[in-house]
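# Residue-level structure breakdown
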Amino acid sequence: MPPARPRFWLLKSEPDVFSYADLMRVGREGWNGVRNYQARNFLREMRVGDLCLFYHSNARPTGVAGVARVVRAAYPDDLQFDPASEFYDPKSTADNPRWSMVDVAPVLAPPAVLTLDTLRTLPEWQDSPLTSKGSRLSVLPVTPEQFHAALRAMGVEGRDGLVGSGR
DNA sequence: GCCAACGTTGGC
DNA sequence: GCCAACGTTGGC
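Residues numbered from 1 in each chain as written. Chains lettered and ligands numbered in written order. Predicted model: local features only at pLDDT ≥ 70, side-chain atom pairs only at ≥ 80, totals over all residues. Heavy atoms only, no water.

Right, let's talk about the protein's contact with DNA strand C for a bit. Close to DNA strand C lie Lys12, Tyr55, Ser57, Asn58, Thr62, Leu116, Arg120, Arg136 and Leu137, which account for all nearby residues. Per the 4 Å cut-off to the protein, sugar and phosphate atoms form 62% of the nearby atoms of DNA strand C. Note that a phosphate oxygen of DNA strand C is positioned 3.0 Å from one of the side-chain N or O atoms of Lys12. At a separation of 2.8 Å, a phosphate oxygen of DNA strand C approaches a polar side-chain atom of Tyr55. The residue makeup of the surface near DNA strand C, split by class, is 3 nonpolar, 3 polar and 3 charged. (Near = heavy atom within 4 Å. Polar contact = N/O pair within 3.5 Å; in protein donor to acceptor, adjacent residues only side chain to side chain. Nonpolar A, V, L, I, M, F, W, Y, C, P; charged D, E, K, R; others polar.)

Below you can see the structure in the form of structure tokens.
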């Protein structure tokens, strides 16, 4: 059996809340608090080894601030059971948890943020939920073409530990 | 801070 | 099942 192809995603985070620098500092983070069904379903599709563009929203500038790797596949979101959390969901039960999370770890930071403005200029990114007007999806799939175009634009394509040959 | 776009809720 | 009201997201 051939090795599984890496798959690619984009994760949005507000850097005031949790930035890519924070991820590098802590080394690993549980991606909890996602409370949108479409985003949750994407989380559940993630596999260990999948690569994620770490996107800063509500930031200056907005854009991709790093690359992360999925280090644990989907498991029940801890915050849904915590009454003190803003992400508490009284309708979730241990038997039937409604929300999921994954764990991610940092892979690399580009020399500079790949801004949304620049992303919009890349042909590969013309058709993406990220660049389409009004989209608020916080976890979204990225095509291999989009991922590699982003790496190229950040000047980090071919960096060790990323995706092998890139083809 | 503004506001357009979107998702969710709840009355009916 | 419809849809108005409401809350949230996120670019600007």
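Take the protein's contact with DNA strand B next. Close to DNA strand B lie Asn36, Tyr37, Lys133, Gly134 and Arg136. Near-protein atoms of DNA strand B (within 4 Å) split between backbone and bases, with sugar and phosphate holding 71%. Residue Lys133 places a side-chain N or O atom 3.0 Å away from a phosphate oxygen belonging to DNA strand B. Within the contact set of DNA strand B, a base oxygen lies 2.4 Å away from a side-chain nitrogen or oxygen of Arg136. Class assignment of the residues belonging to the surface near DNA strand B gives a composition of 1 nonpolar, 2 polar and 2 charged.

Right, let's get into the pattern of salt bridges. When the charged atoms of two side chains lie near each other, side chains of opposite charge can form a pair. Applying the stated criterion across every chain yields a total of 7 salt bridges. Between Asp50 and Arg7 there is a salt bridge, with the nearest N and O atoms lying 3.7 Å from each other. One end of the pair, Asp50, is in the loop between α2 (37-45) and β3 (51-56); the other, Arg7, is in the segment before β1 (8-13), with 43 residues separating them in the sequence. Classification of Asp50 by relative accessible area gives buried; the value is 2%. (Salt bridge = Lys/Arg side-chain N within 4 Å of Asp/Glu carboxyl O. Helix = DSSP H or I, 4+ residues; strand = E, 2+ residues; numbered from the N terminus. Buried < 20%, exposed > 50% of the residue type's maximum accessible area, 1.4 Å probe, protein only.)

With that out of the way, let us pick up the side chain of Asp103. Position of Asp103 relative to the elements: it lies in strand β5 (residues 100-108). Among the residues examined, Asp103 registers a relative accessible area of 7% and is labelled buried. For Asp103, the side chain forms a polar contact with the side chain of Tyr75, separated by 2.5 Å. Sequence-distant contacts of Asp103, defined by excluding residues within four places in its chain, comprise Arg28, Glu29, Gly30, Trp31, Arg69, Val70, Val71, Arg72 and Tyr75. (Contact = heavy atoms within 4.5 Å.)

Here the focus is the UniProt feature "domain: EVE" (unreviewed entry) in chain A. Taking the UniProt record as the reference, the feature "domain: EVE" (unreviewed entry) is found at residues 7-149. Between the end C-alpha atoms of residues 7-149 the distance is 14 Å, and the span holds 20% helix and 30% strand. (UniProt positions renumbered as here; feature names shortened; annotations may be inferred.)

Assignment of secondary structure puts Leu11 in strand β1. Take Leu11: its relative accessible area is 0%, and that puts it in the buried class. When the C-alpha atoms of Leu11 and Pro111 are compared, they prove to be 19 Å apart, with 100 residues separating the residues in sequence. Residues contacting Leu11, with those up to four places away along its chain left out, are Trp31, Met46, Cys52, Leu53, Phe54, Tyr55, Val104, Ser138 and Val139.

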